[in-house]
Amino acid sequence: MFKTDVVILGAGAAGLFCAGVAQQQGLKVLVIDHYPKLAEKVRISGGGRSNFTNAQIDPQMPHRHYVGQNPQFARSALSRYTAQHFVDLVKSHNIAFHEKHLGQLFCDRSAEDLIQMLLKECETGASCGEVQRWQPCEFHSVAYSDAPHSHYTLQTSMGSVECQALVVASGGLSIPAIGATGIGYTLAQQFSIRLTPTQPALVPLTLGGPEWAPFDALSGLSLKASVSHGVAKKKITFDDDLLITHKGISGPATLQISNYWHAGDRIQIDLLPEVDLLPQLIALKQQSKKTLSNELTTWLPNRLIHAWTDHNPLWQKSMADTSQKALESLALALKQWSLLPSGTEGYKKAEVTVGGVDTRDLSQQTMESKKKGLYFIGEVVDITGWLGGYNFQWAWSSAHACAMGLANQIKRL
Ligand SMILES: Cc1cc2nc3c(=O)[nH]c(=O)nc-3n(C[C@H](O)[C@H](O)[C@H](O)COP(=O)(O)OP(=O)(O)OC[C@H]3O[C@@H](n4cnc5c(N)ncnc54)[C@H](O)[C@@H]3O)c2cc1C
């Protein structure tokens, strides 16, 4: 029987980072992962350059960039290990990076640099801690015992392991083809830890039926738009690129809104967020000799205009002959386009999973669950960030909180 202080299940972003920090605290750590390639999501993230954090995260106000039943839960971890801490670490490894728009930080060269950094952090130093990794290794089962002392015994394809603490860092359900499984949720259930409902997020939305039929043929068309969900105080809007696909809509604005969307919800799209359209159309009605469609080309792609105007004879006239009522209805349609998505493109295409391990059953200081010695970190927890580096920062911060908590717990024993 192999014995160690801590087993971390999952050698992804959170698991590897937690292993490094824990060994620097003098702990002996075993990381287990069933997928043959290391940290594959880090490798493919940010188009291969990894958007590893975001300079605009406000740790005091996690609800601004994170969703979940209680985004405030993330405050403690995000405040104690901030984006700046991670940036300092990246700099200390001489990894060149740059800021894209909205505070998004990317590696200049490759996400591989980040993986090498995570591995180097796992190398034994003066602390005498150590990290071993069993990969690929199938996890079979785990049992808890408190005799003669509190510990977990795991059965794996590489043998049995005994540890004082088990950290579940197995991520969410998105992209099963590169190793995602629901093992974290199964383990939570085994130890009576509550779960919140999961669904694919940062994912394209699918559309169909008669209201989408005129736009079906526009696949590939991209434009700046405002996409909104909810009403009044709960309304959230993203101004970014919107892409029409052969299944519905995608692009950053759609991915962001998908974090908030639930089956049956409508979304609103403003196709001209920077244009006060109606007064401009009314002014043009007095002056222009062109058709309404022609005038709209000032602001929108021709194909999109025709998808709107071709099915309504009231919008197919010259500006002078178009009634004010018709202009009002068109301006409303373009500025408050209401759509009912039929669904999402699912976990195959989702960047993350919304929902997961219920934060009510976790300590926000240490990420330990109400089951002694059992911790959950990263995406498996019901904290999901916006597109733009927020999810990795949650992985780093929750992993750090956990590693420090482990050091305290295990030193006490
Ligand atoms: C295409 C894509 C691009 C992304 N780009 C970005 C980005 O640029 N910025 C950003 O912030 N976020 C990005 N994300 C999200 C980000 O990758 C995740 O939020 C982050 O990786 C979560 O870290 P984690 O350690 O919790 O889970 P993961 O990194 O998913 O790691 C989980 C690990 O657990 C292992 N595992 C799963 N099941 C088992 C099992 N049964 N037995 C053993 N091991 C198991 C997996 O093999 C995996 O190695 C992207 C996601 C995708 C899919």
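These numbers were taken from a predicted model, which means no experiment stands behind them.

Visitor: Would you take a moment to explain the overall build of the protein for this structure?
Guide: Check the secondary structure of the protein and you find 12 helices and 21 strands. In terms of its C-alpha atoms, the protein occupies a principal-axis envelope of roughly 90 × 40 × 35 Å. Put simply, the protein shows about 17700 Å² of open surface, and 53% of that area lies on carbon and sulfur atoms. One finds the centroid of the 36 positive side-chain charges in the protein at a distance of 2 Å from the centroid of its 35 negative side-chain charges.

Visitor: Help me understand the domain arrangement of the protein in this model?
Guide: By a frequent convention, interface size equals the accessible area lost on bringing the separate parts together. When its domains are assigned, the protein resolves into domain 1 (2-198 + 354-412) and domain 2 (204-345). Put simply, the middle of domain 1 and the middle of domain 2, counted by C-alpha atoms, are 40 Å apart. Of the residues lining the interface, 8 residues belong to domain 1; the matching set on domain 2 comes to 8 residues. Carbon and sulfur atoms make up 57% of the surface buried where domain 1 meets domain 2, a total of about 640 Å² over both sides. When the area that domain 1 buries against domain 2 is broken down by residue, the three leading residues are Val67, Trp386 and Leu387, summing to 72%. The interface formed by domain 1 and domain 2 contains 3 residue pairs in polar contact (both at pLDDT 80 or more).

Visitor: Would you mind showing me how to read the sheet that holds strand 16 (residues 267-270) here?
Guide: The 7 strands are arranged 17-16-13-14-15-12-18 in an open sheet whose pairing can be described as antiparallel. Single-partner strands in this sheet number two, and they are strand 17 (337-339) and strand 18 (343-344). Helix 11 (residues 324-335) contacts strand 16 and strand 17 of the sheet and is inclined by roughly 115 degrees relative to strand 16.

Visitor: Quick question: what am I supposed to make of helix 5 (residues 111-121) here?
Guide: One full turn of an α-helix is made of 3.6 residues, so residues set three or four places apart face in the same direction. Within helix 5, the full set of buried residues consists of Ala111, Asp113, Leu114, Ile115, Met117, Leu118 and Glu121. For helix 5, the N-terminal capping position is held by Ser110, with its side-chain oxygen 2.9 Å away from the main-chain nitrogen of Glu112.

Visitor: Please clarify how unusual backbone geometry should be interpreted in this entry.
Guide: With glycine set apart, most residues show a phi of negative sign, and most peptide bonds adopt trans. For the bond from Gln135 to Pro136, the omega torsion is 0 degrees, close enough to zero to count as cis. Relative to the elements of secondary structure, Pro136 occurs in the loop between strand 7 (130-134) and strand 8 (139-145). With an omega dihedral of 0 degrees, the bond running from Ala147 to Pro148 counts as a cis peptide bond. In this structure, Ser50 is a non-glycine residue whose phi angle is positive, near 50 degrees. Tracing the backbone through its elements, the reader meets Ser50 in the loop between helix 2 (40-44) and strand 3 (51-54). The phi dihedral of Leu202 is positive, around 45 degrees, even though this residue is not glycine. Looking at where Leu202 falls in the secondary structure, it is placed in the loop between strand 11 (195-201) and strand 12 (205-206). The exposure class assigned to Leu202 is buried, which follows from its relative accessible area of 2%.

Rules used in this analysis
- Residues numbered from 1 in each chain as written.
- Predicted model: local features only at pLDDT ≥ 70, side-chain atom pairs only at ≥ 80, totals over all residues.
- Heavy atoms only, no water.
- Helix = DSSP H or I, 4+ residues; strand = E, 2+ residues; numbered from the N terminus.
- Areas by Shrake-Rupley, 256 points an atom, 1.4 Å probe, with all protein chains shown as cover.
- Lys, Arg positive; Asp, Glu negative; His and termini not counted.
- Charge placed at Lys NZ, Arg CZ, Asp CG, Glu CD.
- Domains from an automatic or database assignment.
- Contact = heavy atoms within 4.5 Å.
- Buried area = accessible area lost by both parts, 1.4 Å probe.
- Polar contact = N/O pair within 3.5 Å; in protein donor to acceptor, adjacent residues only side chain to side chain.
- Pairing = 2+ DSSP bridges.
- Axes fitted to C-alpha atoms, helices over the stretch in contact; angles between N-to-C directions.
- Buried < 20%, exposed > 50% of the residue type's maximum accessible area, 1.4 Å probe, protein only.

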